[in-house]
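Given next are the chains, with one letter for each unit.
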Amino acid sequence: MAEIRFTKDHEWMTLNGDEATVGISDYAQEQLGDVVYVELPAPGAALVQGKEAAVVESVKAASEVYAPASGEVTARNDTLDDNPALVNESAEGDGWFYRMRLTDRAQFEALMDREAYDHYVEALD
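The shown structure was predicted, so the numbers you read here are calculated from the model rather than taken from an experiment.

Peer 1: Hey, could you run me through unusual backbone geometry in this one?
Peer 2: Negative phi characterises most residues that are not glycine, and trans characterises most peptide bonds. If you check the backbone angles, His 10 has positive phi at about 75° while not being a glycine. Inspection of the secondary structure assignment puts His 10 in the loop between strand E1 (4-6) and strand E2 (11-16).

Peer 1: What is the right way to look at the pattern of salt bridges in this model?
Peer 2: Evaluated as defined, the whole model comprises seven salt bridges. Taking the shortest distance from any N to any O, the salt bridge between Asp 81 and Arg 76 comes out at 3.1 Å. Using a relative accessible area of 44% as the deciding quantity, one classes Asp 81 as partly exposed. Salt bridges sharing partners connect three or more residues here, namely Glu 3, Arg 5, Arg 105 and Glu 109.

Peer 1: Looking at this structure, I do not really get the sheet that holds strand E7 (residues 62-66). What am I missing?
Peer 2: An order of E4-E6-E7 is seen for the three strands of this open sheet, with the pairing classed as antiparallel. Each edge of the open sheet carries a strand with a single partner, namely strand E4 (35-39) and E7. Sheet twist, expressed as the mean angle between neighbouring strand axes with direction ignored, is 25°. Taken together, the five bridges between strand E6 (residues 52-58) and E7 define a ladder with antiparallel strand orientation. Across the sheet, residue Val 56 finds its bridge partner in E7, namely Ser 63.

Peer 1: What is the right way to look at the packing of aromatic side chains in this model?
Peer 2: In this description, a pair of aromatic rings is defined by centroid distance and the angle of the planes. Inspection of every chain in the model, using the stated rule, returns two aromatic pairs. Pairing Phe 6 with Tyr 117 gives two aromatic rings, centres 4.2 Å apart and planes at 10°, and the pair type is stacked. Of the two residues, Phe 6 sits in strand E1 while Tyr 117 sits in helix H5 (residues 114-124), which places them 111 residues apart along the sequence. A centroid spacing of 6.4 Å and a plane angle of 35° characterise the contact between Tyr 117 and Tyr 120, whose relative ring orientation is tilted. Residue Tyr 117 and its partner Tyr 120 are located together in helix H5, separated by three residues, close to a single helical turn. Owing to a relative accessible area of 3%, Tyr 117 belongs among the buried residues under this scheme. Clustering of aromatic rings is evident, with ring pairs tying together Phe 6, Tyr 117 and Tyr 120. Across from the ring centre of Phe 108, 5.2 Å away, lies the NZ or CZ of Arg 5, which sits over that ring.

Peer 1: Got a minute to help me understand a negative patch on the surface in this structure?
Peer 2: On the surface, Asp 113, Glu 115, Asp 118, Glu 122 and Asp 125 cluster together to form a negatively charged patch. Mapped onto the elements of the fold, Asp 113 is located in the loop between helix H4 (105-109) and H5. For Asp 113, a relative accessible area of 35% translates into the label partly exposed.

Reading guide: rules and limits
- Residues numbered from 1 in each chain as written.
- Predicted model: local features only at pLDDT ≥ 70, side-chain atom pairs only at ≥ 80, totals over all residues.
- Heavy atoms only, no water.
- Helix = DSSP H or I, 4+ residues; strand = E, 2+ residues; numbered from the N terminus.
- Salt bridge = Lys/Arg side-chain N within 4 Å of Asp/Glu carboxyl O.
- Buried < 20%, exposed > 50% of the residue type's maximum accessible area, 1.4 Å probe, protein only.
- Pairing = 2+ DSSP bridges.
- Axes fitted to C-alpha atoms, helices over the stretch in contact; angles between N-to-C directions.
- Phe/Tyr/Trp six-rings, centres within 6.5 Å; stacked < 30°, edge-to-face > 60°.
- Lys NZ or Arg CZ within 6 Å of the ring centre and 35° of its normal.
- Patch = residues over 30% accessible without salt bridge, like charges linked within 9 Å, V, L, I, M, F, W, Y side chains within 5 Å.
- Areas by Shrake-Rupley, 256 points an atom, 1.4 Å probe, with all protein chains shown as cover.
- Lys, Arg positive; Asp, Glu negative; His and termini not counted.
- Charge placed at Lys NZ, Arg CZ, Asp CG, Glu CD.

Right, here's the structure in full:
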């Protein structure tokens, strides 16, 4: 299983070689409620760490999703176009948003691991 890392904005990222998969955490989808639409970046898009990469809309609100690291988008999860609720069903699995090739692996290494993220989320409640 690939190691998962998290941002303070509740994005997650796994790394397989130099390709990362990105989505929002289970905590984030719980806070959003029922997801009704996801706007994803197109393959080839250049993303900058901390800048907007995607938008997720729920029955409660629309929220920006920020790039956890810089790189180039290599794929998007087209399944979410027809089934955005997959984000609620499997936020950290089949509900992934996009894949990207990292420009700086150190950005991934600097993100929180599962234990640190769980402590971070507990402190929010």
